[in-house]
Amino acid sequence: MTDTVQRSAATGEPMIRLEGLTKRFPGQAEPAVDALDLEVPRGEIVILVGPSGCGKTTTMRLINRLIEPTSGRIVIDGEDVTKVDPDNLRRRIGYVIQQVGLFPHMTVADNIATVPRLLKWKEERIRARVDELLDLVGLDPSAYRHRYPKQLSGGQRQRAGVARALSADPPVMLMDEPFGAIDPITRERLQNEFLRLQQEIRKTIVFVTHDIDEAIKMGDRIAILRQGSRVAQYDTPEHILSAPADDFVADFIGAGASLKRLNLTRVHDVELAQWPTATSDTARDEILATLQSSDKGAVLILDAQRRPLRWVAARDIQRTDRPLMETGLVAEAVVEAHATLNDALNEMLRSNYGVAIVVDSSGAYQGAVDFGTVSGAVQELRRAARAAARAPVSGGASTGETVR
Amino acid sequence: MSLGEYLVKNWDRLLELTVEHAVIVLIALAIATVVGVTVGIATYRTQRPSKIALAVAGIFLTIPSFALFGLLIAPLGLGAKPAIVALVLYALLPILRNTIAGLRAVDPAVVESAQGMGMGRWQRLVRIELPLAWPIVITGVRVSAMITVGIAAIAAVINGPGLGKDIFRALARVGTPTAVSQALSATLGIIAIGILLDVGFLLLGKLTTSRGIRD
């Protein structure tokens, strides 16, 4: 996540610009979307988040004109698309909805081929594109090409839906709660996969969700909306967490903003705690000496490849009736360096010593995350975010869009 | 004369009448399918017009067949033409009702994603909505086939073609040696057509429905 967030804000013309966009539904006193101005920079994921009924989905559907605006302008890639043919416009915008909406009577390949066929691509090119996209979203083409949607799991359907939205390589994607109907474990995996995918494809994405945690995880920027799609705050997740613009935003973020921020930080971004270590063939008195010279309560025993084996405390080392490797506690709670601090905290809380062991990709010991590490990181984040929030504000869209 | 002897002696005539009977039923079903599906497409998105269309088709079905055939003599005369028109009117309700129900049963999320991908109204209808509604539509055609196969026999009162001819002839000669066999053989022919059409439409439905939505 940090990689995407630290990516510099796009320069020049934003990919999507909404100007005074308004939608009034007949028979309703208040407009559903009230004079919204919003700019979506190129290659970023912008999350529209807010309580139900705030107009976030309406706003998204105004962009591809599934709902026609009452007034205002939609500018995509410098072109005013408020009046162009809506079907042509939509073929240039990927669209993913919560229910996915795969065509049940068509195979996965035919589903993905929909827009290319509308655009009259040659069949050969379409076939190649379908296989390329299936690979991209992690579905083996030879196994899934000819399957029907009912033969897929929920997660696979979602992947096929993303592949379908990407079929004609649109610069812009609209995603309406794309992971909302999926079980939490699969959702987590799909979110991570999608972020990895976005690193490659760098689409400009407008993403609607009601889940602030998803917004923080997925967004390069978040627009928190209140009734009438009015922007309460439009900023990076870090700034929104550390400097909510008002009580509405603070309430919406809810308690535990600091905890949420842990999702933004990777283990390799923080300074790891160092615990005393020894290899399994070290003599007991030497291990004891190592332990006594540190301020910690246990020594981590590593194997020859420096992979963690066991935690041993002073009394374990002194028990000579058993081999050292049968005393102490198995070294559990291991995380890799690219895990989020939140993952590390979870592991830490499960472990016996309140320590998450950090390893590199080969499994060798790198350091540890303990309470000191986490609280240090939280303070550091808060300090950095406050400093950034005080930085000059650009004249662009909405509240508090900060140039970094 | 026993039924067996009668059948042996008259099978070529019976076969001819059976084919006639099946043909007017199939023509009527084809017309009713075109009309019913068209009216269904035109009305399924609105409440009032679809209700009116269904009510009208429902009224047709309640008119006694004798009366309807009689009423059509004035504008259309005698023979196959008024017979087919009457059968179309009877076949309309199940096809229309199932078309409306089938199109309304299509998952709105599927239609929305089709629209969101840039399919126009017509493309959505032809490529998404109708194929998805098709199994329900063809079930309606099957029901209509059952209704019209029986009613087609009455078409003989206005000189219409089909097995009804033999039934009415037998009725006019009740008490003669062949009357019962004649009526019975015609009735069996109608039942045979009914079964063939039922199985035929069932198979047609299976063959024309995508594997992705077959259960």
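All figures in this text were calculated on a predicted structure; none of them were measured in a lab.

**Student:** How should I be thinking about the interface of chain B and chain A in this particular structure?
**Tutor:** Many analyses report the size of an interface as the accessible area lost when the parts associate. Each partner contributes residues to the interface: chain B has 21 residues there, and chain A has 25 residues. Across the contact surface, chain B and chain A share one salt bridge. Glu112(B) is paired through a salt bridge with Arg61(A); the nearest N and O atoms lie 2.7 Å apart. Along the contact surface separating chain B from chain A lie nine residue pairs in polar contact (both at pLDDT 80 or more). Only α5 (108-116) and α6 (121-151) of chain B provide two or more residues apiece to the side of chain B that touches chain A. The element contributing the most residues to the side of chain B that touches chain A is α5(B), with seven residues. Residue composition of the side of chain B that touches chain A, grouped by class: nine nonpolar, eight polar and four charged.

**Student:** Can you help me understand the sheet that holds strand β17 (residues 365-369) of chain A in this one?
**Tutor:** Paired through backbone hydrogen bonds, the strands of a sheet run either parallel or antiparallel to each other. All names here are of chain A. On the basis of which strands lie adjacent, the open sheet formed by three strands has the order β15-β16-β17 and mixed pairing. The sheet is open, and its two edges are formed by β15 (334-336) and β17, each paired on a single side. Recorded for the sheet is a direction-independent mean angle of 35° between the axes of neighbouring strands. The sheet contact formed by strand β16 (residues 356-359) and β17 spans four bridges and is antiparallel.

**Student:** Would you explain a nonpolar patch on the surface in this entry?
**Tutor:** Residue and element names in this part refer to chain B. On the surface, a nonpolar cluster with roughly 660 Å² of combined accessible area is contributed by Trp 11, Leu 15, Val 19, Val 23, Ile 27, Ile 31, Val 35 and Val 39. Examined against the element boundaries, Val 23 turns out to sit in helix α1 (residues 3-43). Taking the relative accessible area as the measure of exposure, Val 23 reaches 40% and is therefore partly exposed.

**Student:** Just checking my understanding: could you explain the environment of Leu130(B) for this structure?
**Tutor:** Residue and element names in this part refer to chain B. Structurally, Leu 130 can be placed in helix α6. Judged by relative accessible area, Leu 130 falls into the partly exposed class, the value being 24%. Expressed as a C-alpha distance, the spacing of Leu 130 and Leu 103, which sit 27 residues apart in the sequence, is 6.9 Å. Residues contacting Leu 130, with those up to four places away along its chain left out, are Val 37, Ile 41, Leu 103 and Leu 125.

**Student:** For this particular structure, what's the right way to read the nonpolar core?
**Tutor:** Formed by 61 residues in total, the largest nonpolar core has its most connected members in Phe194(A) and Ile224(A). Broken down by element, the residue count for this core peaks at five residues, all from helix α9 (residues 184-201) of chain A. In contact with Phe194(A), other than residues within four places in its own chain, are Ile45(A), Val162(A), Met173(A), Met175(A), Phe179(A), Ile205(A) and Met218(A). By size, the runner-up hydrophobic cluster in this structure holds 49 residues, among which are Leu14(B), Leu17(B), Tyr90(B) and Ile138(B).

**Student:** Can you walk me through the sheet that holds strand β8 (residues 204-209) of chain A in this structure?
**Tutor:** All names here are of chain A. Taking strand neighbours across the sheet as the criterion, the six strands line up as β6-β7-β8-β3-β9-β10 in an open arrangement whose pairing is mixed. Bordering the open sheet on either side are β6 (93-97) and β10 (230-235), each of which pairs with just one other strand. Direction aside, the axes of adjacent strands within the sheet are offset by 15° on average. Of the strand pairs in this sheet, β6 and strand β7 (residues 172-176) are connected by five bridges, and their pairing is parallel. Across the sheet, residue Tyr 95 finds its bridge partner in β7, namely Leu 174. The sheet strands contacting helix α2 (residues 56-63) are β3 (45-49), β6, β7, β8 and β9 (221-226), and the helix crosses β8 at an angle near 150°. In the packing of α9 onto the sheet, contacts are made with β3, β7 and β8, and the angle to β3 comes to roughly 140°.

**Student:** Help me out: how do you make sense of the confidence of the model for chain A in this one?
**Tutor:** Fine structural detail should not be taken from predicted coordinates in areas where pLDDT scores are low. Of all residues in chain A, 92% have pLDDT values of 70 or greater, and the mean over the chain is 85. Predicted confidence is poor over residues 393-404 of chain A, with pLDDT under 50, and the contacts of this stretch with residues over four places away or in other chains come to 30 contacts.

**Student:** Where do I start with the pairing of β16(A) in this structure?
**Tutor:** Regular strands place side chains that alternate from one sheet face to the opposite one. Residue and element names in this part refer to chain A. On β16, burial covers both faces: Ala 356 and Val 358 on one face and Ile 357 and Val 359 on the other are all buried. With three bridges connecting them, β15 and β16 associate as parallel partners. Looking at the pairing, Val 335 lines up with Val 358 of β16. Taken together, β15, helix α16 (residues 341-350) and β16 form a β-α-β motif whose crossover is right-handed.

**Student:** Explain the pattern of salt bridges to me, please; I cannot follow it from the model alone.
**Tutor:** Opposite charge on two side chains permits them to pair, given that their charged atoms come into close proximity. All names here are of chain A. Inspection of every chain in the model, using the stated rule, returns 26 salt bridges over all chains. Arg 65 is paired through a salt bridge with Glu 68; the nearest N and O atoms lie 2.9 Å apart. The exposure class of Arg 65 is buried, given its relative accessible area of 5%. Among the residues examined, Glu 68 registers a relative accessible area of 35% and is labelled partly exposed. Taking the shortest distance from any N to any O, the salt bridge between Lys 203 and Asp 169 comes out at 2.4 Å. Separated by 34 residues along the polypeptide, Lys 203 in the loop between α9 and β8 and Asp 169 in the loop between α8 (154-165) and β7 bring together distant segments of the chain. A residue is classified by how much of its surface remains accessible, and Lys 203, at 6% relative accessible area, is buried. It is possible to trace a salt-bridge network through shared partners that takes in Glu 13, Arg 17, Glu 19, Arg 73 and Asp 80.

**Student:** Would you take a moment to explain a positive patch on the surface for this structure?
**Tutor:** A cluster of basic residues, Lys150(A), Lys206(B), Arg211(B) and Arg214(B), forms a positive patch on the protein surface. Inspection of the secondary structure puts Lys150(A) in the loop between α7 (141-144) and α8. Residue class for Lys150(A) comes out partly exposed when judged on its relative accessible area of 46%.

The rules behind each value
- Residues numbered from 1 in each chain as written.
- Chains lettered and ligands numbered in written order.
- Predicted model: local features only at pLDDT ≥ 70, side-chain atom pairs only at ≥ 80, totals over all residues.
- Heavy atoms only, no water.
- Contact = heavy atoms within 4.5 Å.
- Salt bridge = Lys/Arg side-chain N within 4 Å of Asp/Glu carboxyl O.
- Polar contact = N/O pair within 3.5 Å; in protein donor to acceptor, adjacent residues only side chain to side chain.
- Helix = DSSP H or I, 4+ residues; strand = E, 2+ residues; numbered from the N terminus.
- Nonpolar A, V, L, I, M, F, W, Y, C, P; charged D, E, K, R; others polar.
- Pairing = 2+ DSSP bridges.
- Axes fitted to C-alpha atoms, helices over the stretch in contact; angles between N-to-C directions.
- Patch = residues over 30% accessible without salt bridge, like charges linked within 9 Å, V, L, I, M, F, W, Y side chains within 5 Å.
- Areas by Shrake-Rupley, 256 points an atom, 1.4 Å probe, with all protein chains shown as cover.
- Buried < 20%, exposed > 50% of the residue type's maximum accessible area, 1.4 Å probe, protein only.
- Core = buried A, V, L, I, M, F, W, Y, C linked by side-chain atoms within 4.5 Å.
- pLDDT = per-residue confidence, 0-100.
- Right-handed = clockwise from strand over helix to strand, strands pointing away.
- Lys, Arg positive; Asp, Glu negative; His and termini not counted.
- Charge placed at Lys NZ, Arg CZ, Asp CG, Glu CD.

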